[in-house]
Amino acid sequence: MAVKKILIVEDQALVRMYLCSCVEKSKECEVALTRADAALQRCGEGHIDLILMDICTENDSDGLTAAEAIKKFYPRIKIVMVTSMLEGRFLDRARRIGADSFWYKDSPSSDLIGVIEGTLQG
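So, here is what we can say about the structure in this document. (Residues numbered from 1 in each chain as written. Predicted model: local features only at pLDDT ≥ 70, side-chain atom pairs only at ≥ 80, totals over all residues. Heavy atoms only, no water.)

**Things to note about the state of the cysteines**
Each disulfide is one covalent bond, formed between the sulfur atoms of two cysteines. For clarity, the cut-off: Any two cysteine sulfur atoms within 2.5 Å of one another count as a disulfide.
One pass over the structure, following the stated rule, counts zero disulfides. There is no disulfide at Cys-29, and the cysteine sulfur nearest it, in Cys-22, is 11 Å away. Lacking any disulfide linkage, Cys-43 is separated from the closest cysteine sulfur, that of Cys-20, by 16 Å.

So, in structure tokens, the structure goes:
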């Protein structure tokens, strides 16, 4: 299996480090980091297979808006929306824009790997 490039978009340092450590446990995954407002540009700079996209990010940046733009220009990139808020309006919008999966921040790390693998497999 080829190494998969995972882009993590998360503004909280502790959560970002946690997500990185979870993903890096897999020898088939390589991690890159960026902000939501720079995610679309980062996708154009090199191959990305999957994005872990925080829904609510810093400086009024919006993971849903970034995900929508990415899906428009790079529909092959899989997007896992990451959230700690179970708000229906966020989840409904994420579904409408084509998010591939969801992961809740309070779930076990083994669930995250399962979501990543399942999403990459379709």
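**So, the side chain of Lys-5**
Operational definition: Labels follow the DSSP assignment, with helices taken as runs of H or I lasting at least four residues and strands as runs of E lasting at least two, numbered in each case from the N terminus. To sort residues, take the accessible area from a 1.4 Å probe on protein chains only and compare it with the maximum for the residue type: under 20% means buried, over 50% means exposed, and anything in between is partly exposed. In protein, a polar contact means a hydrogen-donor-capable atom and an acceptor-capable atom, both N or O and within 3.5 Å, with residues adjacent in sequence counting only if both atoms are side-chain atoms; elsewhere, any N or O pair within 3.5 Å suffices. We call two residues in contact when some of their heavy atoms are within 4.5 Å.
Tracing the sequence through the fold places Lys-5 in strand S1 (residues 4-9). For Lys-5, a relative accessible area of 18% gives the class buried. For Lys-5, the side chain forms a polar contact with the side chain of Glu-30, separated by 2.6 Å. When neighbours within four sequence positions are excluded, Lys-5 is seen to be in contact with Glu-30, Ala-32, Arg-42, His-47, Ile-48, Asp-49 and Leu-50.

**Some points on the pairing of strand S3 (residues 50-54)**
Two faces make up the sheet, and in a regular strand the side chains alternate between them. Selection rule: Should DSSP find at least two bridges between two strands, the strands are taken to pair.
The element S3 is extensively covered by neighbouring structure, given that five of its five residues are classed as buried. Side chains Leu-50, Leu-52 and Asp-54 of S3 all project onto a buried face; the interleaved residues Ile-51 and Met-53 project onto the opposite face, where all are buried too. Of the strand pairs in this sheet, S1 and S3 are connected by four bridges, and their pairing is parallel. Among the inter-strand pairings, Ile-8 is bridged to a residue of S3, identified as Leu-52. With five bridges connecting them, S3 and strand S4 (residues 78-83) associate as parallel partners. Bridge pairing in S4 links Asp-54 to Val-82.

**Some remarks on helix H1 (residues 13-24)**
Residues separated by three or four positions in an α-helix point in the same direction, a consequence of the helix having 3.6 residues per turn. This is how the line gets drawn: Here the expected length of a helix is defined as 1.5 Å per residue gap, with one fewer gap than residues. What the arc covers is the set of directions going from the helix axis to the C-beta atoms.
Here H1 spans 16 Å end to end across 12 residues, near enough to the 16 Å set by a 1.5 Å rise per residue. Among all positions in H1, only Val-15, Leu-19, Cys-20, Cys-22 and Val-23 are buried. Down the axis of H1, the buried side of the element spans an arc of 165°, and every buried residue falls inside it. Those residues of H1 that are exposed and angled more than 90 degrees off the buried face are Leu-14, Met-17 and Glu-24. Here the buried face of H1 lies against S1, strand S2 (29-34), S3, strand S5 (101-104) and helix H5 (109-121).

**Looking at the pattern of salt bridges**
Short version of the rule: Basic side-chain nitrogens of Lys or Arg form a salt bridge, by our definition, when they fall within 4 Å of a carboxyl oxygen of Asp or Glu.
The tally for this structure, following the rule as stated, stands at seven salt bridges. The shortest N-O distance in the salt bridge between Arg-95 and Asp-92 comes to 3.3 Å. Here Asp-92 and Arg-95 lie together in helix H4 (residues 88-97), a separation of three residues that amounts to about one turn. Among the charged side chains, a network of salt bridges with common partners joins Glu-10, Asp-54 and Lys-105.

**Comments concerning the nonpolar core**
Selection criterion: To qualify as a nonpolar core, a set must consist of buried Ala, Val, Leu, Ile, Met, Phe, Trp, Tyr and Cys residues joined through side-chain atoms within 4.5 Å.
By size, the foremost hydrophobic cluster in this structure holds 21 residues, and its most contacted members are Ile-51, Met-53, Ile-70 and Met-81. Counting residues per element, the ones that place at least two in this core are S1, helix H2 (39-45), S3, helix H3 (63-73), S4 and H4. The leading source of residues in this core is H3, at four residues. Ranked by size, the runner-up nonpolar core spans 16 residues in total, among them Ile-6, Leu-50, Leu-52 and Leu-112.

**A short note on H4**
Taken as a whole, H4 has its buried residues at Phe-90, Leu-91, Ala-94 and Ile-97. Along the long axis of H4, the arc covered by the buried residues comes to 130°, so they all point the same way. Opposite the buried face of H4, at more than 90 degrees from it, the exposed residues are Arg-89, Arg-95 and Arg-96. Each element contacted by the buried residues of H4 is listed here: H3, S4 and S5. With its phi angle positive at about 100°, Gly-98 sits one or two positions after the end of H4.

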